[in-house]
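Notes for the structure review
What follows is each chain in one-letter form.
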Amino acid sequence: MSCSKKPALIETKPIVITEKVPHDSDDPAIWVNREDPEKSIVFGTDKDELNGGVYAFDLDGKIIPEKSLTQIKYPNNVDIAYDFKINDSTLTDIMVFTEREAHQVRLFAVPSMTPLDNGGFKVFEDEDQPDLKRPMGVALYRQPETGKTYVIVSRKNGPLKNYLYQYELQADNEKLRCVLVRKFGIFSGTKEIEAIAVDQALGFVYYSDEGSGIRKYFADPSKGSEEISVFGGSHFKDDIEGIAIAVFDGEQGYLIVSNQQDHSFNIFRRSDNGFVKTINLGTIETDGCDVTTFPLGKKFPNGLFVSMNDQQNFYYHSLDSLDLTFEK
């Protein structure tokens, strides 16, 4: 980790700042409404041990009460997947989030907000110590050849090996199960591992080892659990946090990663994970972030970047404003 003095970065201001959540904003996920993109929803977690929530926001940053969930025991991270097969005739988009103090992940259909998990799927069940069962980060991965959908989960505390667990979502007569398929992931032993992001097209999963670097593995468990690489650590002041992946054609695109204590974001190429630049989006101590390159109407014609701000809210930036020019 580096603490060297850097020149002040020019701030790129957000187009929208959301309404505040009641407690402690943490992680966003963008659901793209493919039929009517301007009615897409940003879901954002609000951490509280008794009455946490996952709040739904429209593209103007206003809370949508009928799509928001409350009375959740410390929701941490959230993710979205599309066209999940519940049975032979039914597909639905899904939202998953971790409920830390209940030691489980939750699963809902989107945008109906219908629960699909019968109250939740317990995780890290084989651990004896309660402190090792508290989930934090979460990401969904759909294997393109088999169509299998996986939930990858990190936790507040864990061992130096097998910090992450990966579960397969299995549908059996419309009843869903969450079945453990592998344990993987090196941990440096410094701080914790929270943020997870999956590059669906290239088949990689990345996670932030907060005191060390960004670690990269195959998302498909059949390809093994050997670490591919660890990178980026020298570009961070402290606390490597949220990861968002902006996907363009082929291998083009970027990983956008929160440099939390520097109040900035570091950008790495998706193709080879080389460092590109640091940007300042005006947020304070960002935890989670998300991005889509899908056009979302007049405000966000070429995509949207959403980041948590440590003032109980989230910032929306037009993806154009991040000035992501391709490097050969």
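A short tour of the structure in this document, coming up.

About the cut-offs
- Throughout, residues of each chain are indexed from 1 in the direction in which the sequence is written.
- Per-residue local features of the predicted model are confined to residues with pLDDT of at least 70, and side-chain atom pairs are confined, for both listing and counting, to 80 or more; whole-chain, interface and lining totals are unaffected and use all residues.
- Side-chain metrics rest on all non-hydrogen atoms present in the structure, leaving aside hydrogens and water.
- Secondary structure elements are defined from DSSP: runs of H or I of at least 4 residues count as helices, runs of E of at least 2 residues count as strands, and each element is numbered from the N terminus.
- C-alpha atoms define the radius of gyration, and 2.2 Å times the number of residues to the power 0.38 defines the globule rule.
- Relative accessibility under 20% of the residue-type maximum defines a buried residue, over 50% an exposed one, and the middle range a partly exposed one, all with a 1.4 Å probe and only protein chains included.
- Any two residues whose heavy atoms approach within 4.5 Å at even a single point are treated as in contact.
- Accessible areas in this description were obtained via Shrake-Rupley with a 1.4 Å probe; residue shielding takes into account the shown protein chains only.
- Positive charge is attributed to Lys and Arg, negative charge to Asp and Glu, and no charge count is given to His or to the chain ends.
- By convention, the point assigned to a charge is CZ for Arg, NZ for Lys, CD for Glu and CG for Asp.
- We treat two strands as partners when DSSP finds at least two bridges between them.
- Axis angles are defined between N-to-C directions and span 0 to 180 degrees, where every axis is a line fitted to C-alpha atoms and, for a helix, only to the segment in contact.
- When a carboxyl oxygen of Asp or Glu is within 4 Å of a side-chain nitrogen of Lys or Arg, the pair counts as a salt bridge.
- Paired rings are identified among Phe, Tyr and Trp, the last through its six-membered ring, by centres lying within 6.5 Å, and are further divided according to the angle between planes into stacked (under 30 degrees), edge-to-face (over 60) and tilted (the rest).
- Charge-over-ring placement is defined geometrically: NZ (Lys) or CZ (Arg) within 6 Å of the ring centre, and within 35 degrees of the ring normal.

Moving on, we get to the overall build of the chain. Helix and strand content of the chain: 0 helices and 24 strands. Since a compact globule built from 328 residues should have a radius of gyration of about 20 Å, the 18 Å found for the chain is in line with a globular shape. With respect to the principal axes defined by its C-alpha atoms, the chain has extents near 55 × 45 × 40 Å. A burial count over the chain gives 55% of its 328 residues as buried. Within the chain, counting contacts between residues at least 6 apart in sequence, those at least 24 apart form 49% of the total. As presented, the chain carries roughly 14000 Å² of accessible surface, and 46% of it is formed by carbon and sulfur atoms. Between the mean site of the 36 positive side-chain charges and the mean site of the 52 negative ones, the chain shows a separation of 1 Å.

Take the pairing of strand 14 (residues 193-199) next. Counting buried positions along strand 14 yields 7 of 7 residues, so the element is predominantly enclosed. Bridge analysis of strand 14 against strand 15 (residues 204-209) gives 5 bridges, and the strand direction is antiparallel. Looking across to strand 15, one finds that Ile-196 is bridged to Tyr-207. Hairpin connection from strand 14 to strand 15: 4 residues lie between these consecutive antiparallel strands, with Gly-203 at a positive phi of about 80°.

What follows is about the sheet that holds strand 15. Pairing is antiparallel across the open sheet formed by 4 strands, whose spatial order is 14-15-16-17. The sheet is open, and its two borders are formed by strand 14 and strand 17 (229-231), each paired with just one other strand. Neighbour-to-neighbour, the strand axes of the sheet open up by a mean angle of 25°, direction not taken into account.

A few words now on the pattern of salt bridges. Applying the stated criterion across every chain, the model contains 20 salt bridges. Residue Arg-106 pairs with Asp-117 through a salt bridge whose shortest N-O separation is 2.6 Å. On the criterion of sequence distance, the pair formed by Arg-106 in strand 8 (residues 104-110) and Asp-117 in the loop between strand 8 and strand 9 (121-122) is long-range, its members being 11 residues apart. Both residues of the pair, Arg-106 and Asp-117, belong to the buried class. A salt bridge links Asp-209 to Arg-215; the shortest N-O distance between them is 2.9 Å. Considered together, Asp-209 and Arg-215 belong to a single accessibility category, that of buried residues. Taken together, the shared-partner salt bridges in this structure form one network comprising Asp-24, Asp-26 and Lys-47.

What follows covers unusual backbone geometry. A cis amide bond links Val-110 to the next residue, Pro-111, at an omega of 10°. Structurally, Pro-111 is set in the loop between strand 8 and strand 9. Positive phi, normally seen in glycine, also occurs at Tyr-74, with a value near 65°. Structurally, Tyr-74 can be placed in the loop between strand 5 (69-72) and strand 6 (75-87). One non-glycine residue, Asp-239, lies in positive phi territory at about 60°. Following the sequence through the fold, Asp-239 ends up in the loop between strand 17 and strand 18 (240-247).

Next up on the list: the packing of aromatic side chains. Going through the model one piece at a time under the given rule, you end up with 15 aromatic pairs. With a centroid separation of 6.1 Å and an interplanar angle of 15°, the aromatic rings of Tyr-141 and Tyr-150 are classed as stacked. Residue classification places Tyr-141 among the buried positions, given a relative accessible area of 3%. Seen from their ring centres, Tyr-207 and Tyr-217 are 5.8 Å apart, and the 15° between their planes marks the pair as stacked. One end of the pair, Tyr-207, is in strand 15; the other, Tyr-217, is in strand 16 (residues 213-218), with 10 residues separating them in the sequence. Taking the relative accessible area as the measure of exposure, Tyr-207 reaches 0% and is therefore buried. By the ring-pair criterion, three or more aromatic residues cluster together here, those being Tyr-206, Phe-231, Phe-236, Phe-268 and Phe-275. Here Arg-155 stacks its cationic end above the ring of Tyr-163, 5.8 Å away from the centre of that ring. Across from the ring centre of Phe-184, 3.9 Å away, lies the NZ or CZ of Arg-182, which sits over that ring.

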